[in-house]
Amino acid sequence: MDAELLELQKQFEFAQEAKSSVRLSDRNVVELVQKLQLLHIIDFDLLHTVSGKEYITPDQLRHEIEVEIKKRGRVSLIDLADIIGVDLYHVEKQAQNIVSNDSLLMLINGEIITTFYWDAVAEEINERLQECSQIALAEIAAQYQVGSELLVTVLEPRLGNLVKGRLEGGQLYTPAYVTRVNAMVRGSARGVTVPMNLSALWSSLQLLLQEMDGASGVAVDGSFFQSLFNGLVKEGEILGSVRAGVHWTPTVFATAQKDSVDAFFSQNSFISYEALNKLGIPSAIQFLQARYPEGIPLVTVFVHSSMIDILDAAVEDAIERGSWIDSLTVLPAAFASQDASKILSLCPSIQVALKSNEVHILGDSYVFSKGFVKNLFDSLDKESQTSSLSALFGTQAPESSDTSIDSKDRSKKKRGKSSGNAKTGAAENSPDNQEPVPNKSKRNQKKGKAMAAQVSDLKPGAKKNADKMTGDNINIFPERLLIERINKLVPEFEEQGIGDQEIVLSSLAQHLRPMLLHSWQERRKAVFTDNAQRMKHVLDNLQKKLDESSLNMQLYEKALDLFEDDPSTSVLLHRHLLRSTATPMVDTLLLNLDMHNKLKNGVEVEESQNPESVSFSSAERLALAKSLPGSLSAKAFALVEALEGKRVENFLASLREMAEESGISLKKLDKKLERTLLHSYRKDLVAQVAAETDPVALLPKVVSLFYIQVHSRALQAPGRAISVAVGRLKDKLDKSAHKILVDYHSATVSLLALISAGTGEKEDCSSDRILSKRELLESLIPALKGLVLGTPQP
């Protein structure tokens, strides 16, 4: 066999060395290989090399990759593609198959690394670690060009075998160094006797290590200390507890804490949460509940159940006596008002009393029996029944009776003013101040009565104000006033020197105020019922008076148009009409509205406050206007201002607005009413002229009667306008009648001038002149009356 084999080798060598007469090109070879593959003569895969001149089988590629891996231990796929000369795609595909079939290989970041490579690396790291005592993983990872995470996964299985060290916080330490640092941690932890933040302890140990080792000392991470510390705690070599990982409380300190808490709680039956915080005990309530299951947590303190029994006995005694008690006087000084409120709710006597409404707890800590509160309420309610309205409000009430004015006093003042001097008295009796005051006709009275009957007792404006009862009660029984009265009725509050006296009095006042207000409202409703008929009577009377007065005012206004061409006389006539006719109307309106407002608000009003005729000063009218409620007050102010003005039409406009706001209707003067009122006015004047005997008072009535006959207008003229009024009758009367009227006016003016100047002349001269002038006037009276009455006079 060996001879034959040698012969075959020689033949093969000869065939190789023999030169072929036919040579194939590269292209022919490629085509030949493709043909063989199509004929399935070559039934295995062939891979092109990068050069394109060689073929390689997948098995050969895998073999060559395995050879390179065994030779190098760590090889990059890119390097394999360059070495073998095959495209990277085929190398990656075969490499994945190789790694998946071999557990000792790993493919990481495009590199195939073997287990023996990592063993060699671990041996190198161990040699270096023994020299340096400490190595940073980041430094090793940079040296071997791998990631820190990968390095950790490789080193952890080899720690203690190939690598003699300990891995903590990204650092490798030798066992000797770990033992040394462990001893430092144990000693420092045992030396701590109070709660401490471990981060501060680790910082001090780091400084100590740097001082001991100098420049060659290694930097130790805090997590290394923490890991050693946790191991010591777990093994029981140091005693204590760790909270949140960094707060260390030694057992010796915890024992001292518990002993201190036990001593205080056993002596006082309570302990404050603040005291536990000072002792460094967190979660005080949970700590105390776990230690004293029979205890009760309050807001700021933790108490023993016996404290409730003590307070319950004191409270029960106060309830039985119908008195009151401040629970803080029974409890220790460390208790806050919130604690008192909570512990009171736990007292059995309080729970029973609250269910039966026999007790009131005010101001958190004050306990008032039902009897004490009732007696206090009865005293305050009785006092409020006898108090004035201003006392109920604590200030001057808006509807105070100060604005009401006694008509008798005003009439006395008026009489006193009129009797001041002779000149003034004479001037008031002059024809310039005289005016006819006709009696009210029966027809006008009937019309006024019929108009007043059409108005209901509750007008829209009055109804709106009646709905504001709740809003009106806001200022009644103010807290300040109630506190003052409670202090007077219960001086014990001040005598006992209660620290939060204002708080309890304020709470008591707030509790009593709704009760007092309800009682006051009930009395007020009763007064409203009693006053309802009087309110209706007031409105009915006011409606009737305003109907008559406003119609007369409109009638007199018609005559003012005759003098519009004379501004000075027109102003005199307007002002005279405002003073003579409008002023009583305004006074009556304001007084009746003020009375109605008081009745509506439940204020007692005397019958004397509703006289038939009143007369106010300007200041008194403003005071009455101010006392009216809301927008009615504003309308009243405008009406008073219009009364002081110069135009009657402005006054009438303000009067209509005021009447509308107060719910009263004013009738307008139509032609029919004007004729009726004018006829009645003329009839009254005729009667007055026929009965008049005073020569001075006769003149203005005669002039007014002439204007009715001539112009069909009811003229109201003051003395200073009589001369102009007489002059304007010149073309309307015959000459003889006008001459008699002019002579009578001249004689009247002369008589009054003599009377006014009589005090400054000699008595003999003045008396003779006055007598002669009066005789002259008396002689002219029959002729004058005959002119206006149409009857011959003797």
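Parameters and conventions
- Residues numbered from 1 in each chain as written.
- Predicted model: local features only at pLDDT ≥ 70, side-chain atom pairs only at ≥ 80, totals over all residues.
- Heavy atoms only, no water.
- Helix = DSSP H or I, 4+ residues; strand = E, 2+ residues; numbered from the N terminus.
- Contact = heavy atoms within 4.5 Å.
- Core = buried A, V, L, I, M, F, W, Y, C linked by side-chain atoms within 4.5 Å.
- Buried < 20%, exposed > 50% of the residue type's maximum accessible area, 1.4 Å probe, protein only.
- Lys, Arg positive; Asp, Glu negative; His and termini not counted.
- Salt bridge = Lys/Arg side-chain N within 4 Å of Asp/Glu carboxyl O.
- Polar contact = N/O pair within 3.5 Å; in protein donor to acceptor, adjacent residues only side chain to side chain.
- Axes fitted to C-alpha atoms, helices over the stretch in contact; angles between N-to-C directions.
- Parallel < 35°, antiparallel > 145°, perpendicular 65-115°, else oblique.
- Nonpolar A, V, L, I, M, F, W, Y, C, P; charged D, E, K, R; others polar.
- Pairing = 2+ DSSP bridges.
- Arc of directions from axis to C-beta.

### Considerations on the overall build of the protein
Item 1. Check the secondary structure of the protein and you find 37 helices and 17 strands.
Item 2. Relative to all contacts within the protein whose residues are 6 or more apart in sequence, the contacts with residues 24 or more apart total 67%.

### Brief notes about the nonpolar core
Item 1. Counting residues in each nonpolar core, the largest one holds 68 residues, and the members touching the most others are Met 553, Phe 651, Met 658 and Leu 741.
Item 2. Counting residues per element, this core draws most heavily on helix α29 (residues 567–600), which supplies ten residues.
Item 3. The contacts of Met 658, once residues within four sequence positions are left out, are Leu 589, Leu 590, Leu 593, Leu 628, Leu 632, Lys 635, Ala 636 and Leu 639.
Item 4. Trp 324, Leu 380, Phe 493 and Leu 512 belong to the second-largest nonpolar core, a separate cluster that totals 24 residues.

### Describing the side chain of Asp 312
Item 1. By the element assignment, Asp 312 lies in helix α15 (residues 306–320).
Item 2. Here Asp 312 is buried and forms no salt bridge, its nearest opposite-charge partner Lys 355 lying at an N-O distance of 13 Å.
Item 3. There is a polar contact of 2.5 Å between the side chain of Asp 312 and the side chain of Ser 349.
Item 4. When sequence neighbours within four positions are dropped, the list of residues in contact with Asp 312 reads Cys 347, Pro 348, Ser 349 and Ile 350.

### Observations regarding the packing of helix α12 (residues 251–268) against helix α14 (residues 284–291)
Two quantities define a packed helix pair, namely the angle between the helix axes and the distance between the axes.
Item 1. Running from amino to carboxyl end, α12 crosses α14 at an angle of 75°, the nearest separation of the two axes being 12 Å. Classified by the angle between their axes, α12 and α14 sit roughly perpendicular to one another. Here α12 contributes Lys 258, Val 261 and Asp 262 to the contact with α14, which in turn contributes Phe 287, Leu 288 and Arg 291.
Item 2. Classifying every residue of the contact of α12 with α14 by side-chain character gives three nonpolar, no polar and three charged.

### Some points on the sheet that holds strand β4 (residues 105–108)
Item 1. The strand order β3-β5-β4 describes an open sheet built from three strands, whose pairing is antiparallel. Whereas interior strands pair on both sides, the edge strands pair on one side only; in this sheet they are β3 (74–76) and β4. The sheet shows a mean angle of 20° between the axes of neighbouring strands, direction not considered.
Item 2. Pairing between β4 and strand β5 (residues 111–114): four bridges, direction antiparallel. Bridge pairing in β5 links Leu 107 to Ile 112.
Item 3. Contacts between helix α5 (residues 88–101) and the sheet are confined to β4 and β5, with β4 contributing the most and set at about 135° to the helix.

### Regarding helix α8 (residues 148–155)
Item 1. Within the sequence span of α8, burial applies to Leu 150, Leu 151, Val 154 and Leu 155. What you see down the axis of α8 is that its buried residues fit within an arc of 125°, all on one side.
Item 2. Residues of α8 that are buried make contact with β4, α6 (115–132), α7 (137–144) and β8 (171–173).

### Looking at the sheet that holds strand β14 (residues 301–303)
Item 1. One open sheet accounts for three strands, arranged β12-β14-β13; its pairing is antiparallel. Sheet topology places β12 (270–272) and β13 (296–297) at the edges, where each strand pairs with a single neighbour.
Item 2. Across two bridges, β13 lies against β14 in antiparallel orientation. Counted as the bridge partner of Ile 296 is Val 303 from β14.

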